[in-house]
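Overview (structure and organization)
The residues making up each chain are set out below.
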Amino acid sequence: MTFDILYARHETPGCKNVLHFNNAGAALMPKPVLESVIGHLQMEAEIGGSEAAQYSHDVVERVYDSVAMLINCDRDEIAIIENATRAWDMAFYSIPFCPGDRILTSMAEYASNYVAFLQVARKTGAVIEVVPNDEHGQISITALCNAIDDDVKLIAITHVPTNGGLVNPAAAVGKVAREAGILYLLDACQSIGQMPIDVNVIGCDFLSATGRKYLRGPRGTGFLYAKRDSTEQFEPPLLDRHAAQWVAKDRYELLPNARRFENWETNYATKIGLGVAIDYTLKWGIKPIWSRILALSTSLRTQLADIKGVKLWDLGVEQCGIISFTVEGKISRDILQKLFQQNINVSVSTLKSTRLDMEVRGLTELVRASVHYYNSEEEIELFCAKLSSILWD
Ligand SMILES: *Cc1c(COP(=O)(O)O)cnc(C)c1O
């Protein structure tokens, strides 16, 4: 199947205004997503918020089917939450840790997750251990196997880091977790919508994801996958009248499914938009999307490598749509600013978002250029030409 790139761009209003290589920050929404969000908001204004929710009941319910289809699970295993961090938190903070319990994580871990590890370690006496990378810069499966013992309570890693092209071997980690009977929490924030994700292949208990990045959904959306067997064991750290039913004066009952991790009040318009974004992704097909992202990112890396002073920093065996680079003698934030003035969007990853990885490589800042399927070869050429002239003309 060939990709109808012209149509993809036609359905992406932002393509007219900007050259958008900040898909790892927030991708450009396609028209159907935008229209669904605005449509629901309009209905809220016209007939009332509760009434609009009633009217859109089936549409909202179908969002769970869309997520389930995307990652191959049951709709009861999905909680729709306002962002990936909160989704991850709801899973992580549900796990009861005791002094000496070990949390195994990876070098690529995202700041918010690591801060939560630190807080829980301080409060409970659990210990955080970072599994080293292998020679390719991915989490070492050998080192992970060697680290397993009866005290390991949780394996929590990031699939694709926020700061580069690395794709951690999530399924190999899952195999180790399954064989040892250890809980496995995967941060799939950057991989969702970019590459095929099947929770049965990965073998995780929990998976968190965001809507606004490679899924092209609205901001302020995300979800948590909680495997059915795991859900039953865990009580969320926060409850409300939706997560738990007030069944008697002195008693509440948790919802039997993953919705126990959700909130009562939520943004219906963006929730609907998330569902539309997932359906839109599935319409293009996640495999064709992934092939196209791989081709575009390879092309961008190749052309960047030819620009004087550019150094690429992506790790791993198979590298995804996130390209990270520095330029000798130049400040990454200045490069971002100058590109921005030309309507070219990139972002800068700092030490603060992935400290373990950045420190070990002696990095403080990187330019992050992240491509999506609606980007074009022409944009890549233009990007490299503009970058080159910004740097050296
Ligand atoms: C962006 C990101 C997050 C946070 O997602 P939010 O939806 O902003 O909470 C978590 N992990 C990784 C790897 C990310 O890149």
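As the structure is a prediction and not an experimental result, all values here were calculated from the model.

**A closer look at the overall build of the protein**
For the protein, the count of helices and strands is 15 helices and 15 strands. Scaling as 2.2 N^0.38, a compact globule of 393 residues should have a C-alpha radius of gyration of about 21 Å, and the protein matches this with 21 Å. Projected onto its principal axes, the C-alpha coordinates of the protein cover approximately 75 × 60 × 35 Å. Within the protein, the fraction of its 393 residues that count as buried is 56%. Within the protein, counting contacts between residues at least 6 apart in sequence, those at least 24 apart form 70% of the total. Split by element, the accessible area of the protein, about 17,100 Å² in all, is 52% carbon and sulfur.

**Thoughts on the site of the ligand**
Residues in close proximity to the ligand total 13 residues, the closest being Thr85, Asp187, Gln190, Thr210 and Lys213. Here an oxygen atom of the ligand and a side-chain polar atom of Thr85 are 2.5 Å apart. The separation between an oxygen atom of the ligand and a polar side-chain atom of Thr162 is 3.3 Å. Relative to its unbound accessible surface of 380 Å², the ligand loses 92% to contact with the protein. For the shell around the ligand, a count of residues per class yields four nonpolar, six polar and three charged.

**Comments concerning the pattern of salt bridges**
Side chains carrying opposite charge are able to pair once their charged atoms draw close together. Following the criterion strictly, the structure yields 15 salt bridges and no others. We note a salt bridge from Arg75 to Glu61, for which the minimum N-O separation is 3.2 Å. Of this pair, Arg75 sits in the loop between α4 (57–71) and β2 (78–81) while Glu61 sits in helix α4; the two residues are 14 residues apart in sequence, bridging distant segments of the chain. In this structure, a network of salt bridges that share partners links the residues Glu61, Asp65, Arg75 and Arg259.

**Remarks on helix α5 (residues 84–92)**
Most of α5 is tucked away: seven of the nine residues are buried. The backbone nitrogen of Thr85 lies 3.0 Å from a side-chain oxygen of the residue at the head of α5, namely Asn83.

**Section: the pairing of strand β15 (residues 365–370)**
The element β15 is extensively covered by neighbouring structure, given that six of its six residues are classed as buried. Neither face of β15 is open: one carries Glu365, Val367 and Ala369, the other Leu366, Arg368 and Ser370, and all of them are buried. In the sheet, strand β12 (residues 322–327) pairs with β15 via four bridges, with the strands oriented antiparallel. Residue pairing across strands places Ile323 opposite Ala369, the latter belonging to β15. Pairing of strand β14 (residues 347–350) with β15, which is carried by four bridges, proceeds in the antiparallel orientation. Bridge pairing in β15 places Ser347 opposite Arg368.

**Let's talk about the nonpolar core**
In terms of nonpolar packing, the biggest core is built from 37 residues, with Ile71, Ile78, Ile155, Tyr184, Leu207 and Phe223 touching the most fellow members. Apart from residues lying up to four places away in sequence, Tyr184 is in contact with Leu154, Ile155, Ile157, Ala170, Val173, Gly174, Ala177, Ile202, Gly203, Cys204, Asp205 and Phe206. Formed by 25 residues, the second largest nonpolar core is a distinct cluster that contains Phe92, Val120, Leu183 and Phe206.

**A short note on the sheet that holds strand β6 (residues 183–187)**
Sheets are built from strands that pair by backbone hydrogen bonding, the pairs being arranged parallel or antiparallel. Read from one edge to the other, the open sheet built from seven strands follows the order β2-β8-β7-β6-β5-β3-β4, with strand pairing classed as mixed. Each edge of the open sheet carries a strand with a single partner, namely β2 and β4 (127–131). For this sheet, the mean inter-axis angle between neighbouring strands, taken without regard to orientation, is 20 degrees. Relative to β6, strand β5 (residues 152–158) is paired through five bridges, and the arrangement is parallel.

**Section: the packing of α4 against helix α11 (residues 268–284)**
Two measures define how a pair of helices packs: the angle their axes make with one another and the distance between the axes. The contact between α4 and α11 brings their axes to 9 Å, and the two run at 40 degrees. The pairing of α4 with α11 is recorded here as oblique in orientation. The way α4 lies across α11 gives a crossing that is left-handed. Of α11, the residues touching α4 (which contributes Val59, Val60, Val63, Tyr64, Ser66, Val67, Met69 and Leu70) are Tyr268, Lys271, Ile272, Gly275, Ile278, Asp279, Thr281 and Leu282. Across the contact of α4 with α11, the residue classes tally to 11 nonpolar, three polar and two charged.

**A closer look at the packing of α5 against helix α6 (residues 111–124)**
Where α5 meets α6, the axes come as close as 10 Å, and the angle between the chain directions of the two elements is 30 degrees. One way to sum up the angle between α5 and α6 is to call them roughly parallel. Crossing angle aside, the handedness with which α5 passes α6 is right-handed. From α5, Thr85, Trp88, Asp89 and Phe92 reach across to α6, where they touch Ser112, Asn113, Ala116, Phe117 and Val120. In terms of residue class, the contact of α5 with α6 is built from five nonpolar, three polar and one charged.

**Points about the domain arrangement of the protein**
A common way to state how big an interface is: give the accessible area lost once the parts meet. You can read the domains of the protein as domain 1 (5–29 + 285–392) and domain 2 (32–283). Its C-alpha centre places domain 1 at a distance of 26 Å from the equivalent point of domain 2. On the domain 2 side, the residues contacting the 42 residues of domain 1 number 37 residues. A buried area of about 3,200 Å², summed over both sides, lies between domain 1 and domain 2, and 58% of it is on carbon and sulfur atoms. At the boundary of domain 1 with domain 2, the tally comes to 23 residue pairs in polar contact (both at pLDDT 80 or more). Of the residues forming the side of domain 1 that touches domain 2, the biggest block, six residues, is contributed by helix α12 (residues 286–305). Within the side of domain 1 that touches domain 2, the residues separate by chemical class into 20 nonpolar, 13 polar and nine charged.

Scoring rules and cut-offs
Residues numbered from 1 in each chain as written. Predicted model: local features only at pLDDT ≥ 70, side-chain atom pairs only at ≥ 80, totals over all residues. Heavy atoms only, no water. Helix = DSSP H or I, 4+ residues; strand = E, 2+ residues; numbered from the N terminus. Rg over C-alpha atoms; globule rule 2.2 N^0.38 Å. Buried < 20%, exposed > 50% of the residue type's maximum accessible area, 1.4 Å probe, protein only. Contact = heavy atoms within 4.5 Å. Areas by Shrake-Rupley, 256 points an atom, 1.4 Å probe, with all protein chains shown as cover. Near = heavy atom within 4 Å. Polar contact = N/O pair within 3.5 Å; in protein donor to acceptor, adjacent residues only side chain to side chain. Nonpolar A, V, L, I, M, F, W, Y, C, P; charged D, E, K, R; others polar. Salt bridge = Lys/Arg side-chain N within 4 Å of Asp/Glu carboxyl O. Pairing = 2+ DSSP bridges. Core = buried A, V, L, I, M, F, W, Y, C linked by side-chain atoms within 4.5 Å. Axes fitted to C-alpha atoms, helices over the stretch in contact; angles between N-to-C directions. Parallel < 35°, antiparallel > 145°, perpendicular 65-115°, else oblique. Left-handed = near helix turned anticlockwise from the far one by under 90°. Domains from an automatic or database assignment. Buried area = accessible area lost by both parts, 1.4 Å probe.

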